[in-house]
Amino acid sequence: MSPESPPRKARRIPYIKISFVFFVFIMLAIYLTVASQGRNMEYKVIQSTHQEFLSLQQEAASASEWDHFKKNTHTKIDPIIKDLEATASSDFPHLQHLLWASRDYLYPMLDNAQTERSRDQIKFEKHLEAAEQIINQNWIVKLLRS
């Protein structure tokens, strides 16, 4: 062994540290991805319903398509509204906005905005957007705290 080169064991330590940091980073990314899947399910369901509504509105769906959509919407959204009524408060403002959007504006929007935007649709979208902004703010704050 030459006097200039460090022992074999000393050269491995930086690789072990880098590998460990990389492993921790990968595990953290996996955890955050899996943990975020179950969060904000209310928002995801209401948002997907809104997207479906917009596509029906754009393609000028028939009355039977609207009736089918309304029935499916009631099946999906009514239990969420019940849960939101029990949990939404000023402590959880994103849930409050989701409650207002779904309970107060979604069903009137389905009735009167089938061909063009209505006041109910505008209000619904404002509450949905406010909920999304709060959710995104909370996500950033939680990420920075951890």
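Position labels on residues start from 1 in each chain and follow its written sequence. At least 70 in pLDDT is required for a residue's local features to be given in this predicted model, at least 80 for side-chain atom pairs to be given and counted, and no such filter applies to totals for whole chains, interfaces and linings, which use all residues. For side-chain calculations, the full set of non-hydrogen atoms in the structure is used, while hydrogens and water are omitted.

### Concerning the packing of helix α2 (residues 41-58) against helix α3 (residues 63-87)
This is how it is decided: Angles here are taken between N-to-C directions and fall from 0 to 180 degrees, while the axes themselves are lines fitted to C-alpha atoms, restricted in helices to the stretch in contact. Runs of H or I in DSSP of at least four residues are treated as helices and runs of E of at least two as strands, each being numbered from the N terminus. Note on angle classes: values under 35 degrees are labelled roughly parallel, values over 145 roughly antiparallel, values of 65 to 115 roughly perpendicular, and the remainder oblique. Two helices cross in a left-handed way if the nearer one is turned anticlockwise from the farther one by less than a right angle. They cross in a right-handed way if the turn is clockwise. Working rule for contacts: check all heavy atoms of both residues, and any pair within 4.5 Å makes them a contact. Residues are grouped as follows: Ala, Val, Leu, Ile, Met, Phe, Trp, Tyr, Cys and Pro are nonpolar; Asp, Glu, Lys and Arg are charged; every other residue, Gly included, is polar.
It is the contact of α2 with α3, at a shortest axis distance of 11 Å, that shows an interaxial angle of 160°. With respect to α3, the axis of α2 lies roughly antiparallel. In the packing of α2 onto α3, the handedness of the crossing is left-handed. Seen from α2, the contacting residues are E42, V45, I46, T49, E52, F53, L56 and Q57; seen from α3, they are E65, W66, F69, T73, K76, I77, I80 and L84. When the residues that make up the contact of α2 with α3 are grouped by side-chain class, the tally is nine nonpolar, three polar and four charged.

### Some points on unusual backbone geometry
We count it as follows: Remark: exposure states derive from per-residue accessible area (1.4 Å probe, protein chains only) relative to the maximum for the residue type, with buried under 20%, exposed over 50%, and partly exposed in between.
Its identity as a non-glycine residue notwithstanding, A60 has a phi of 50°, on the positive side. Looking at where A60 falls in the secondary structure, it is placed in the loop between α2 and α3. With relative accessibility at 59%, the residue A60 sits in the exposed group.

### Digging into the side chain of T73
Filter applied, for reference: Polar contacts here mean pairs of N or O atoms no more than 3.5 Å apart (in protein, one a potential hydrogen donor and the other a potential acceptor; neighbouring residues in sequence count only if both atoms are side-chain atoms).
Mapping T73 onto the fold places it in helix α3. A polar contact of 2.7 Å, which involves the side chain of T73, links it to the backbone oxygen of F69. Those residues in contact with T73 that sit more than four places away from it in its chain are T49, D78, L106, Y107 and L110.

### Regarding the environment of L128
Within the secondary structure, L128 is located in helix α5 (residues 119-145). Overall, the relative accessible area of 4% leaves L128 in the buried class. Taking the C-alpha atoms as reference, L128 lies 8.8 Å from S102; in sequence the two are 26 residues apart. Apart from residues no more than four positions distant in its own chain, L128 is found in contact with Y43, I46, Q47, H50, L98 and A101.

### Observations regarding the packing of aromatic side chains
Put simply, the rule reads: Pairing of aromatic rings covers Phe, Tyr and Trp, the last through its six-membered ring, and needs centres within 6.5 Å; plane angles under 30 degrees mean stacked, over 60 mean edge-to-face, and all others mean tilted.
Evaluation of the coordinates by the stated rule reveals two aromatic pairs. Here the aromatic rings of W66 and F69 are separated by 6.0 Å at their centres, their planes lie at 75°, and the arrangement is edge-to-face. Of the two residues, W66 and F69 are both situated in helix α3; the distance of three residues between them amounts to about one turn of the helix. Looking at W66, the relative accessible area reads 2%, which means it is buried. Through a chain of ring-to-ring contacts, the aromatic side chains of F53, W66 and F69 assemble into a single cluster.

### Thoughts on the nonpolar core
Where we set the bar: What we call a nonpolar core is a set of buried Ala, Val, Leu, Ile, Met, Phe, Trp, Tyr and Cys residues that are connected through their side-chain atoms within 4.5 Å.
One finds I46, F53, I77, L84, L98, L106 and F124 to be the most contacted residues of the largest nonpolar core, which totals 26 residues. Those elements that provide at least two residues to this core are α2, α3, α4 (93-112) and α5. Leave out the neighbours within four places in its chain, and L84 touches E42, I46, L95, L98, L99 and S102.

### Side note on α2
Stated precisely, the cut-off is as follows: Each helix should span, by expectation, one fewer than its residue count multiplied by 1.5 Å. The directions from the helix axis to the C-beta atoms form the arc being described.
In a regular helix each residue adds 1.5 Å, so 18 residues correspond to 26 Å; α2 covers 26 Å between its end C-alpha atoms and thus fits that length. Taken together, the buried positions of α2 are Y43, I46, T49, H50, F53, L56 and Q57. Angular distribution of buried residues about the axis of α2 spans 150°; they occupy a single face of the element. With its phi angle positive at about 50°, A60 sits one or two positions after the end of α2.

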